[in-house]
Amino acid sequence: PGNLQPLVCSLLRPPQARSALRPHFWNSPRLGFHLGLRTPPGARMVVGGQEVTWEEGRATIFDDTYVHSVLHEGDEPRLLLIGWFCHPCDLRGSGGVPPGGPP
């Protein structure tokens, strides 16, 4: 139904505890999703100035063209299933995985 294009997804190795991912963004319209598989305390993401925390079994969906960053101050690694949808407003369907893998 609608203009929702196929999903591209990747299971990433868990980021190390006490690590960070610099602010970044994707330049084609796409929606990112993060499904919490293991979400110990201390990890958070900031998307467009709003703080987001993950919960096990729940998905977080955000516009990947907004600047976002991650800070993990906890002691245990987190594990997320991360993927992308083409943005429903992008008729070209160009919101795939960036060259070289996920940002």
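Our subject in this report is the structure included herewith. (Residues numbered from 1 in each chain as written. Predicted model: local features only at pLDDT ≥ 70, side-chain atom pairs only at ≥ 80, totals over all residues. Heavy atoms only, no water.)

Regarding the overall build of the protein
To be explicit about the condition: Counting from the N terminus, the helices are DSSP H or I runs at least four residues long and the strands are E runs at least two residues long. Only protein chains enter the accessibility calculation, which uses a 1.4 Å probe; a residue is then buried when its area is under 20% of its type maximum, exposed when over 50%, and partly exposed in between. Every residue pair with non-hydrogen atoms within 4.5 Å of one another is taken to be in contact.
Scanning the protein for helices and strands turns up zero helices and eight strands. Each helix (α) and strand (β) of the protein, taken in turn from the N terminus, gives the series β-β-β-β-β-β-β-β. The 103 residues of the protein split such that 33% are buried. Counting contacts in the protein only where the partners sit at least 6 residues apart, residues at least 24 apart contribute 76% of the total.

Let's talk about the pairing of strand β3 (residues 30-38)
To be explicit about the condition: Any two strands with at least two DSSP bridges between them are considered paired.
Sheet topology places β3 next to strand β8 (residues 79-86); eight bridges connect them, and they run antiparallel. Directly across from G32, in β8, lies its bridge partner W84. Bridge count for β3 against strand β6 (residues 59-63) is five bridges, and the pairing is antiparallel. In the strand pairing of β6, L31 is matched with D63.

Topic: the packing of aromatic side chains
Selection rule: Note on aromatic contacts: the rings of Phe and Tyr and the six-membered ring of Trp form a pair at centre separations within 6.5 Å, being stacked when their planes are under 30 degrees apart, edge-to-face when over 60 apart, and tilted otherwise. Whether a charge lies above a ring is judged from NZ of Lys or CZ of Arg, which has to be within 6 Å of the ring centre and within 35 degrees of the ring normal.
Taken as a whole and judged by the stated rule, the model has one aromatic pair. Lying across the ring of W54, R78 places its NZ or CZ 4.5 Å from the centre.

Section: the pattern of salt bridges
Quick note on the threshold: Every case where a carboxyl oxygen of Asp or Glu lies within 4 Å of a side-chain nitrogen of Lys or Arg is listed as a salt bridge.
Enumeration over the complete set of coordinates arrives at five salt bridges. Across the pair R38 and E76 runs a salt bridge, and its minimum N-O distance is 3.0 Å. Remark: E76 occurs in the loop between β7 (68-72) and β8 and R38 occurs in strand β3; sequence separation between them is 38 residues. Overall, E76 belongs to the partly exposed group, its relative accessible area being 39%. Through salt bridges that share partners, R44, E51 and E73 make up one connected network.

Here's the deal with the environment of P41
Take P41: it is sitting in the loop between β3 and β4 (43-47). Residues P41 and P77, spaced 36 residues apart in sequence, show a C-alpha to C-alpha distance of 9.7 Å. Setting aside anything within four residues of it in sequence, one finds P41 in contact with H72 and G74.

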